[in-house]
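Coordinate analysis (summary)
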Amino acid sequence: MSTPYAVCDAAELVGLLGGSANATAAANYLCNSFATVTYAVDNSYLLFSAYLVFAMQLGFAMLCAGSVRAKNTMNIMLTNVLDAAAGGLSYYLFGFAFAFGGPSNGFIGKHYFGLKEVPSVSSAGTFDYSFFLYQWAFAIAAAGITSGSIAERTQFVAYLIYSSFLTGFVYPIVSHWFWSADGWASPFKANNLLFGTGAIDFAGSGVVHMVGGVAGLWGALIEGPRIGRFDHSGRSVILRGHSASLVVLGTFLLWFGWYGFNPGSFLTIVKAYGGNGGYYGQWSGIGRTAVTTTLAGSTAALTTLFGKRLMVGHWTVTDVCNGLLGGFAAITSGCSVVEPWAAIICGFGAAWVLIGCNKLAEKLGYDDPLEAAQLHGGCGAWGLLFTGLFAAKRHVHEVYGTTGRPYGAFMGGGGKLLAAQLIEILVIFGWVTVLMAPLFYGLKLLKLLRISPEDEMAGMDLTRHGGFAYVYHDEDDQSHKPGFLNLKKVEHSSHTPSPANNAVSV
């Protein structure tokens, strides 16, 4: 997240207007008018960005639906709706206060519960309803990441419990540490910055993506792989998602929403750099951030395309989509403070991090239907390291507002920023592990985590949600075969089907 609003100084205007009493009144009037217009423009920009980030929920829903088997489509779609709904209430009641309720201590916020006293101006910043909406959209994105890791085998009540806990407590504490003006590792602190810089995680490679990815990692590890994901000898068996079309649709929707996720994290747009006005200002930084986001994702997609072609011998659209998203997750940390050419390096590295994490997961018997832990956790961590290496001096000073601040190690800025980034990776992994692993394990002990083997084989749409989303049979779906739970294959007509009519319906 970025720095607060530009300020009009009436004292500077008085001299320009002649210095009389009337000049003072005129200067005050002009500054008040300027402030009103500035707030209106900046809040409109932030609201528009919030709408884009919220639209990513539709992207998550489509991506998840296409990545699971058809018999679990309604289940995964419903969990995405509930991530937003349950997250809305928990973030309103507690989450926003824990994250941004300043002035407070470096660990947790303590004001604005239930949005009390919002809108407000304090030492912690200027908070209006638009800022809450934007931050809520981020919080539910973290919960959506986790739901992908534990898809196709998790009880409905477990989704409600973990989603509320993640968005209401786990995620807000992390965002307080790195994004609030009081956070112990925040780059916005007035003094005592971590290593003289604070950790730079502009739009959340760590705060959002690593939090969701690590939570999903523990959920999937404790729950275990889906039935049939590995054979008796431990070899990997691919359980293909039922719709590459939905995967591509979801990917493009996420790509579109990322232009609110990354550029929108500036929070404001009416701010000139250098104090002299002109054509160069925060709007230029916003444009550059959109460019670095685009280049990182595009490079990761192409690297994955050719990398997987060399490894498996064919072009795979779902792998390319995941590679693209991995590039976005990685660049999210440093999107505002790196040059466009560096974003290409970020995307290239993210693709190989994702490929390597997937290979490791396969060898360890880890099952994540959407590769969420590998993509968001692994690529998010790489993005934090990348920022510590390639953050440019000029952009760091423009975005974070002070000179003399450490910047990327490969750009001549020393190792302090890189050290802060390493600290962020370690504390996020530790914090999420300490809270989410016991939660998932407790749900398992209470038999509230995983569904029964019979329900898993039949599909949760049928056993938990009243019927299939549409007539479709997966390659490995046994539910339509004679003798399995007394189910019969659904036909389109009552007459005896011919071979042509007996085809699987899509």
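The preceding data block contains the structure.
Thresholds, definitions, all that
- Residues numbered from 1 in each chain as written.
- Predicted model: local features only at pLDDT ≥ 70, side-chain atom pairs only at ≥ 80, totals over all residues.
- Heavy atoms only, no water.
- Helix = DSSP H or I, 4+ residues; strand = E, 2+ residues; numbered from the N terminus.
- Buried < 20%, exposed > 50% of the residue type's maximum accessible area, 1.4 Å probe, protein only.
- Contact = heavy atoms within 4.5 Å.
- Areas by Shrake-Rupley, 256 points an atom, 1.4 Å probe, with all protein chains shown as cover.
- Salt bridge = Lys/Arg side-chain N within 4 Å of Asp/Glu carboxyl O.
- Core = buried A, V, L, I, M, F, W, Y, C linked by side-chain atoms within 4.5 Å.
- Axes fitted to C-alpha atoms, helices over the stretch in contact; angles between N-to-C directions.
- Parallel < 35°, antiparallel > 145°, perpendicular 65-115°, else oblique.
- Left-handed = near helix turned anticlockwise from the far one by under 90°.
- Nonpolar A, V, L, I, M, F, W, Y, C, P; charged D, E, K, R; others polar.
- Expected span 1.5 Å × (residues − 1).
- Polar contact = N/O pair within 3.5 Å; in protein donor to acceptor, adjacent residues only side chain to side chain.

Further remarks concern the overall build of the protein chain. For the protein chain, the helix and strand inventory stands at 15 helices and two strands. Residue burial in the protein chain is summarised as follows: out of 506 residues, 55% are buried. The long-range share in the protein chain, meaning contacts at least 24 apart out of those at least 6 apart in sequence, stands at 73%. Summing over all exposed atoms, the protein chain offers an accessible surface of approximately 20,600 Å²; the carbon and sulfur share of this is 67%.

Another point: the environment of H376. In this structure, H376 sits in helix α11 (residues 372-390). H376 sits in the buried class, given a relative accessible area of 6%. For H376 and M210, which are 166 residues apart along the polypeptide, the C-alpha to C-alpha distance reads 5.8 Å. Every residue in contact with H376, bar those within four places of it in the chain, is listed here: I145, S205, H209, M210, G213 and A329.

This part is about the pattern of salt bridges. Taken as a whole and assessed by the stated rule, the structure comprises nine salt bridges. When the shortest N-O distance is used, the salt bridge between E152 and R226 registers 2.5 Å. In this pair, E152 is assigned in the loop between α4 (129-149) and α5 (156-179) and R226 in the loop between α6 (205-223) and α7 (244-261), connecting sequence segments 74 residues apart. Summarising the burial analysis for this pair, E152 and R226 share the class buried. Of the charged contacts in the structure, one is a salt bridge between D231 and R235, with a shortest N-O distance of 3.0 Å. Take D231: its relative accessible area is 27%, and that puts it in the partly exposed class. By relative accessible area, R235 is classed as exposed at 57%.

Between G102 and the following residue, P103, the backbone shows a cis peptide bond with an omega angle of 0 degrees. Counting through the fold element by element, P103 comes out in the loop between α3 (73-100) and β1 (120-122). A cis amide bond links V118 with the next residue in sequence, P119, at an omega value of 5 degrees. By the secondary structure assignment, P119 is in the loop between α3 and β1.

With 115 residues, the main nonpolar core has F96, Y171 and V208 as its most contacted residues. The residues touching F96, leaving out its near neighbours within four places in the chain, are Y91, G101, Y112, L115, V118, F127, F131 and F132.

Turning next to the packing of α4 against α5. Running from amino to carboxyl end, α4 crosses α5 at an angle of 125 degrees, the nearest separation of the two axes being 9 Å. Regarding the angle of α4 to α5, the classification is oblique. The hand of the α4/α5 crossing is right-handed. The segment α4 lies against α5, with Q135, F138, A139, I140, A142, A143, T146 and S147 engaging Y159, Y162, S163, L166, T167, Y171 and W179. Here the contact of α4 with α5 is composed, by residue class, of 10 nonpolar, five polar and no charged.

A separate point is the environment of T403. Within the fold, T403 resides in the loop between α12 (393-400) and α13 (416-445). Among the residues examined, T403 registers a relative accessible area of 72% and is labelled exposed. Along the sequence, T403 and K393 sit 10 residues apart, while their C-alpha atoms lie 8.9 Å from each other.

Between its terminal C-alpha atoms α11 stretches 26 Å, which fits the 27 Å expected from 19 residues at 1.5 Å a residue. Of all 19 residues making up α11, 18 are buried, and the element is well covered by its neighbours.

Time to look at the environment of R69. Mapping R69 onto the fold places it in the loop between α2 (21-67) and α3. Assessed through its relative accessible area of 3%, R69 is described here as buried. The spacing of R69 and R240 is 171 residues in sequence and 6.9 Å in space, taken between C-alpha atoms.

This part is about the side chain of S205. Position of S205 among the secondary structure elements: in helix α6. The exposure class of S205 is buried, given its relative accessible area of 0%. A polar contact is formed between the side chain of S205 and the backbone nitrogen of S333, at a distance of 2.7 Å. Ignoring sequence-local partners within four residues, the contact set of S205 consists of M210, A329, A330, I331, T332, S333, H376, G380, G383 and L384.

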